[in-house]
Amino acid sequence: MEIVELATRLQAQLDPMTNLEILGVAPIDQAQESDITFLVNPKYAHKLQDCQAGAILVNEDFDAPAPCPLLRVKHPYLAFAQAIELFYPPTPLPTQIHPTAVIGQNVSVGEDVAIGAYVVIGDDVVIGHRVTIHPHCVIYRGASLGDDTLLHSHVVIREQVKLGNQVIIQNGVVIGADGYGFVTLPNGQHHKIPQVGTVVIEDQVEIQANTTIDRATLGETRLGKGTKVDNLVQIAHNCTVGQHSLLCGQVGLAGSTQVGNHVVLAGQVGAAGHLSIGDGTMAGAKTGINNSLPAGSRVSGYPAMDHKVWLRVVAELKQLPQLMKRLRKLENQLSQD
Amino acid sequence: MEIVELATRLQAQLDPMTNLEILGVAPIDQAQESDITFLVNPKYAHKLQDCQAGAILVNEDFDAPAPCPLLRVKHPYLAFAQAIELFYPPTPLPTQIHPTAVIGQNVSVGEDVAIGAYVVIGDDVVIGHRVTIHPHCVIYRGASLGDDTLLHSHVVIREQVKLGNQVIIQNGVVIGADGYGFVTLPNGQHHKIPQVGTVVIEDQVEIQANTTIDRATLGETRLGKGTKVDNLVQIAHNCTVGQHSLLCGQVGLAGSTQVGNHVVLAGQVGAAGHLSIGDGTMAGAKTGINNSLPAGSRVSGYPAMDHKVWLRVVAELKQLPQLMKRLRKLENQLSQD
Amino acid sequence: MEIVELATRLQAQLDPMTNLEILGVAPIDQAQESDITFLVNPKYAHKLQDCQAGAILVNEDFDAPAPCPLLRVKHPYLAFAQAIELFYPPTPLPTQIHPTAVIGQNVSVGEDVAIGAYVVIGDDVVIGHRVTIHPHCVIYRGASLGDDTLLHSHVVIREQVKLGNQVIIQNGVVIGADGYGFVTLPNGQHHKIPQVGTVVIEDQVEIQANTTIDRATLGETRLGKGTKVDNLVQIAHNCTVGQHSLLCGQVGLAGSTQVGNHVVLAGQVGAAGHLSIGDGTMAGAKTGINNSLPAGSRVSGYPAMDHKVWLRVVAELKQLPQLMKRLRKLENQLSQD
């Protein structure tokens, strides 16, 4: 694509004006003359000097010297994502129902739907327009999928689960399996509580590979609009996650916990059950949240504490053996007095 | 269902006697007049005043004022589970072998079995009576499934694995994949040790979504009767878990560890290999168990310590920076003396 | 097998020379007269006295009394693995393409390949010689599999992913699903960055059940030759892992982290993104690595610290409440002076 056209598409200001064919997008240290790259973080500005890219997406007010033309934009990182969309369009599945798909009774299928080989769809399922279902997905009876939703292979959507529009589900995700609910009897045996609630996934949610989201005992487990869930995350029955939150890899939420909007839980964070985690909370990797948190919390550690306190605590922690020695010395001094 | 009939079925005492049609079960704060709900924990008694339910399952000796009829039972939480069973019976798969199922040589299939679309069953497999196998399960050669066992879609049962009666396996579970066993050679390469043992799952075990239970190197990995395993749990080769234990979400057991009966491992607990974890042990969330534990242990933290000690330690932990300051102050005082 | 033949095959010295039929391999405390067993670790030497085995694989210079013939070898643990290979050969899938496999356009298939039921292979896939693909695997377009590679059931190989020779993938593994890449906009919404890179898995890598390895945003995620990855591990986009490293169960690597050669990350270790973890590093279970580590590091704890320091810190940790009391006592003494 001519760089002038690319600038127009990305709403970028080309500086200086030039003619150049751009064929791809690459990281700043791998880009060749036919690639564009991007620079957002000023701390990587030193990489510019060796940069071989044809052009660089930068902020509007960027003013360092550069070895190649600049594409000035309001939001270089977003423009980078958009450039990838332009240069690497996905290869869609053909919009057909593969002859090997097994479709139940009373299934409603929208227009321009692609259903891959060996997909199994139960009775009373509703599938919106432009939905893509890759091979080997199983959709149990009564589930519904909104428009423009994409399921990669081996996804399981259990009975009655509802997915909104523009939802993306990566491979191996299980939505709506039974929650972990048992009554422990006086003799120590565990009696299963049937899990007859469901899961609701709102619009524009993405859920990544092999993550599990359990159906509610009664009522629903819910993920709010625009929330993104990474791989191997566990969301237990009756949890709710608000809008535009990020749950990173291997996070685990125990039952009935309520996570707010714009929350970020870093990798391997765990939250106990029946908690409320306020809007905008950020929890560092491996945090163990065992109490409810007000909006805007910044926490780390286990049990979760204020992130700044935690930084001081872990700095001192390594000094603990020294501290013991110093204490002993003081005790000796005082006992000699 | 008439409440009088419901009372009979749940072995409940209706107080006061009344006529009322009950159509469902709901949480105490969502129940409508046609629902029953339950109250076990006295700390939620305040919710009674706004409760709209038609009737409430309570303990036999419950004596607080209530806005609606009571159903007095010995075990309200169990009666709640039983009420869900009554009002929300599962929709079984049809008892047929789907024509797309691929069945190997010398497979024995019991009566009233349901085998879904695209199930693949290897040679010499034994399937008991009233077994349900949802679509896309793969059962390798020589495995056996006891009576009344239920496999949800995408379950893998590897070669020679034995499942008992009334076992429930949720979607995406892998039972009997190779254990992580390698001989590290002097040159630093890792030579695979063939994993030729198996896995035995005893009666009434439930294993939830995307959990993995590895086959033994030699001998067997075993889960005892009535044990319940949550989502995304990792049980390594040659582990044994006793009866009626609970392994919560994302727990990990390293190889050859022996877990007793009635053990509870909370979410994200990890146990090192070759340990013995005694009967009735309870480990708090994220505990790292690096030594064997006697029966009845209550542990938390990493490395695991007595739970009460841990509570005191983590309470002090936040004071560590203050403690350092106080120590420095004392040192200064003494050096001035 | 006659023990003399077994000795020859294992390059072992039989001491004393004897005639005996060996039929299997068993752990030292379960072996019967027709089994061989092995003893590597001298701390288990006391188990010899009750050992019923027909013969024992031991080190060349072993000199304790034994109740049965010895098979002296250079590397008893390796010989144990080789003995298992001899006595328990795997049952291969028949080398055929199952008639239910759905194969795309322009797929190249090598010689002696076994493709199981309901396998789905996209366009332009390359499959080497002697490859085995168990039922229900899905291989997206443009992927390639090297010679002698083995995929167990329900494995997903996404578009363009490259697997080397002699790679083993256990059930439910997802290689090449989209990385967790989003641009957070000023309004707090997250815009997906298309993940158009790939994953490269080098020769002799093994990846175990339900592990997920994400494709790169641009470029590649790579696992080096001979590396072994346990169950439920998460490897994020653009990570590289070197050669002959071990990633144990439930390990998580955040994006763009570089792990060296011969690294061992024990169970539930997490590493933050954009780190470099040097060759030969060993991290204890549950370590949280939040900074780059030089080659040869030995770390534990969170944040990761030198393993020996950590051992001292956690030993002192339990004393923290006592320490506080002692400090208070000193303060009181001094304030009374």
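Keep in mind that this is a model prediction, so the values were computed, not measured. (Residues numbered from 1 in each chain as written. Chains lettered and ligands numbered in written order. Predicted model: local features only at pLDDT ≥ 70, side-chain atom pairs only at ≥ 80, totals over all residues. Heavy atoms only, no water.)

1. Notes on the interface of chain A and chain B
- With 69 residues of chain A at the contact, the number on the chain B side is 58 residues.
- Between chain A and chain B, a total of about 5,200 Å² is buried, with carbon and sulfur atoms accounting for 67% of that surface.
- It is Y180, L218 and Y302 of chain A in chain A that bury the most area against chain B; as a group they hold 14% of the surface buried on that side.
- Scanning the region where chain A abuts chain B turns up two salt bridges.
- Of the charged contacts, one joins E206 of chain B and K192 of chain A as a salt bridge, the two residues approaching to 2.9 Å between their closest N and O atoms.
- Counting across the chain A and chain B interface gives 33 residue pairs in polar contact (both at pLDDT 80 or more).
- Mapped by element, the contributors of at least two residues to the side of chain A that touches chain B are β18 (174–177), β19 (182–184), β20 (190–192), β23 (212–214), α3 (307–317) and α4 (320–336) of chain A.
- Counting residues per element, the side of chain A that touches chain B draws most heavily on α4 of chain A, which supplies seven residues.
- Looking at the side of chain A that touches chain B, its residues break down into 35 nonpolar, 24 polar and 10 charged. (Contact = heavy atoms within 4.5 Å. Buried area = accessible area lost by both parts, 1.4 Å probe. Salt bridge = Lys/Arg side-chain N within 4 Å of Asp/Glu carboxyl O. Polar contact = N/O pair within 3.5 Å; in protein donor to acceptor, adjacent residues only side chain to side chain. Helix = DSSP H or I, 4+ residues; strand = E, 2+ residues; numbered from the N terminus. Nonpolar A, V, L, I, M, F, W, Y, C, P; charged D, E, K, R; others polar.)

2. Details of the packing of α4 of chain A against helix α3 (residues 307–317) of chain C
- The contact between α4 of chain A and α3 of chain C brings their axes to 8 Å, and the two run at 55°. Between α4 of chain A and α3 of chain C, the interaxial angle falls into the category oblique. Contact with α4 of chain A, carried on its side by L320, P321, M324 and R328 of chain A, involves R312, V313, E316 and L317 of chain C of α3 of chain C and no other residues of that element.
- Looking at the contact of α4 of chain A with α3 of chain C residue by residue, the classes come out as five nonpolar, no polar and three charged. (Axes fitted to C-alpha atoms, helices over the stretch in contact; angles between N-to-C directions. Parallel < 35°, antiparallel > 145°, perpendicular 65-115°, else oblique.)

3. Brief notes about the interface of chain C and chain A
- Taken together, the 69 residues of chain C in the interface contact 58 residues of chain A.
- The tally of links between chain C and chain A comes to two salt bridges.
- Of the charged contacts, one joins E331 of chain A and R326 of chain C as a salt bridge, the two residues approaching to 2.7 Å between their closest N and O atoms.
- Where chain C meets chain A, there are 34 residue pairs in polar contact (both at pLDDT 80 or more).
- Those elements giving two or more residues to the side of chain C that touches chain A turn out to be β18 (174–177), β19 (182–184), β20 (190–192), β23 (212–214), α3 and α4 (320–336) of chain C.
- The biggest single contributor to the side of chain C that touches chain A is α4 of chain C, with seven residues.

4. Some remarks on the pattern of salt bridges
- Summed over the entire model, instances satisfying the criterion amount to 36 salt bridges over all chains.
- A salt bridge links E159 of chain C to R158 of chain C; the shortest N-O distance between them is 2.8 Å. As far as the burial class goes, E159 of chain C and R158 of chain C line up, both buried.
- The structure contains a network of salt bridges with shared partners spanning R158, E159, D178, K192 and R215 of chain A together with E206 of chain B. (Buried < 20%, exposed > 50% of the residue type's maximum accessible area, 1.4 Å probe, protein only.)

5. What to know about the nonpolar core
- I133, L151, I175, I201, I207, L253 and I289 of chain C are the most contacted members of the largest nonpolar core, which has 50 residues in total.
- Not counting chain neighbours up to four residues away, the residues in contact with L253 of chain C comprise Q234, I235, A236, C239, V241, L247, V259, L265 and A271 of chain C.
- Among the nonpolar cores identified, the runner-up in size contains 49 residues, and I201, I207, L247 and V269 of chain B belong to it. (Core = buried A, V, L, I, M, F, W, Y, C linked by side-chain atoms within 4.5 Å.)

6. So, the sheet that holds strand β22 (residues 206–207) of chain B
Residue and element names in this part refer to chain B.
- The strand order β8-β11-β14-β17-β22-β25-β28-β31-β34-β36-β37 describes an open sheet built from 11 strands, whose pairing is mixed. With one partner strand each, in any of the chains shown, β8 (114–115) and β37 (305–306) form the two edges of the open sheet.
- One ladder, built from two bridges, connects β8 with strand β11 (residues 132–133); its direction is parallel. Looking at β11, one finds that I115 is bridged to I133. (Pairing = 2+ DSSP bridges.)

7. With respect to the side chain of T100 of chain A
- Take T100 of chain A: it is sitting in the loop between α2 (76–87) and β6 (102–103).
- Overall, T100 of chain A belongs to the buried group, its relative accessible area being 18%.
- Reaching out from T100 of chain A, the side chain makes a polar contact with the backbone nitrogen of Y118 of chain A at a distance of 2.9 Å.
- Among residues more than four places away in sequence, those in contact with T100 of chain A are A117, Y118 and V119 of chain A together with Y118 of chain B.

8. Brief notes about the relation of the copies chain C and chain A
- Under the fitted operation, chain C is carried onto chain A by 0.0 Å of movement along the axis and a turn of 120°, and the coordinates agree to an RMSD of 0.1 Å. This pairing of chains is accounted for by a three-fold axis. (Least-squares fit on C-alpha atoms with pLDDT ≥ 70 in both.)

9. Notes on a positive patch on the surface
- A cluster of basic side chains, namely K308 and R312 of chain A together with K325 and R328 of chain B, defines a positive patch on the protein surface.
- For the positive patch, the elements supplying multiple residues, two or more each, are α3 of chain A together with α4 (320–336) of chain B.
- Looking at the secondary structure, you find K325 of chain B in helix α4.
- A residue is classified by how much of its surface remains accessible, and K325 of chain B, at 52% relative accessible area, is exposed. (Patch = residues over 30% accessible without salt bridge, like charges linked within 9 Å, V, L, I, M, F, W, Y side chains within 5 Å. Areas by Shrake-Rupley, 256 points an atom, 1.4 Å probe, with all protein chains shown as cover. Lys, Arg positive; Asp, Glu negative; His and termini not counted. Charge placed at Lys NZ, Arg CZ, Asp CG, Glu CD.)

10. Some points on the sheet that holds strand β27 (residues 240–241) of chain A
- Taken together, nine strands build an open sheet; the order of strands is β7-β10-β13-β16-β21-β24-β27-β30-β33 (chain A) and the sheet is parallel. The open sheet has two edge strands with one neighbour each: β7 (108–109) and β33 (276–277) of chain A.

11. What to know about the environment of K47 of chain A
Residue and element names in this part refer to chain A.
- By the secondary structure assignment, K47 is in the loop between β3 (35–38) and β4 (55–59).
- With relative accessibility at 30%, the residue K47 sits in the partly exposed group.
- As for K47 and G255, which are separated by 208 residues in sequence, their C-alpha atoms are 47 Å apart.
- Once you skip the residues sitting within four places of it in the chain, K47 turns out to touch I28 and D29.

12. Structural notes on the domain arrangement of chain A
- Looking at the assigned domains, one finds that chain A contains domain 1 (3–87) and domain 2 (102–310).
- Relative placement of domain 1 of chain A and domain 2 of chain A: their C-alpha centres are 37 Å apart. (Domains from an automatic or database assignment.)

13. Re the confidence of the model for chain A
- Of all residues in chain A, 100% have pLDDT values of 70 or greater, and the mean over the chain is 95.
- Model confidence for the complex: the whole-complex pTM is 0.97, and ipTM, which rates the interface, is 0.96. (pLDDT = per-residue confidence, 0-100.)

14. Topic: the packing of aromatic side chains
- All told, the structure shown has 18 aromatic pairs over all chains when counted by the stated rule.
- Look at F38 of chain C and Y77 of chain C: their rings are 5.5 Å apart centre to centre, the planes differ by 25°, and that puts the pair in the stacked class. You can see F38 of chain C sitting in strand β3 (residues 35–38) and its partner Y77 of chain C sitting in helix α2 (residues 76–87), a full 39 residues away along the chain.
- Taken together, the ring pairs connect F38, Y77 and F80 of chain A into an aromatic cluster.
- The ring of Y140 of chain B has R158 of chain B sitting right over it, with the charged end atom 5.1 Å from the ring centre. (Phe/Tyr/Trp six-rings, centres within 6.5 Å; stacked < 30°, edge-to-face > 60°. Lys NZ or Arg CZ within 6 Å of the ring centre and 35° of its normal.)

15. Comments concerning α3 of chain C
- Of the residues making up α3 of chain C, those classed as buried are W310, V313, V314, E316 and L317 of chain C. Take α3 of chain C and look down its axis: the buried residues cluster within an arc of 155°, on one side only.
- Next to the buried residues of α3 of chain C lie α3 and α4 of chain A, α3 (307–317) of chain B together with β36 (298–300), β37 (305–306) and α4 of chain C. (Arc of directions from axis to C-beta.)

16. Focus: the packing of α4 of chain A against α4 of chain B
- With their axes 11 Å apart at the nearest point, α4 of chain A and α4 of chain B run at an angle of 35° to one another. Like other packed secondary-structure pairs, α4 of chain A and α4 of chain B cross with a definite hand, here left-handed. Packed against α4 of chain A, whose contacting residues are L320, L323, R326, L327, L330, Q333 and L334 of chain A, the element α4 of chain B presents L320, L323, M324, L327, R328, L330, E331 and L334 of chain B at the interface.
- For the contact of α4 of chain A with α4 of chain B, the per-class residue count stands at 11 nonpolar, one polar and three charged. (Left-handed = near helix turned anticlockwise from the far one by under 90°.)

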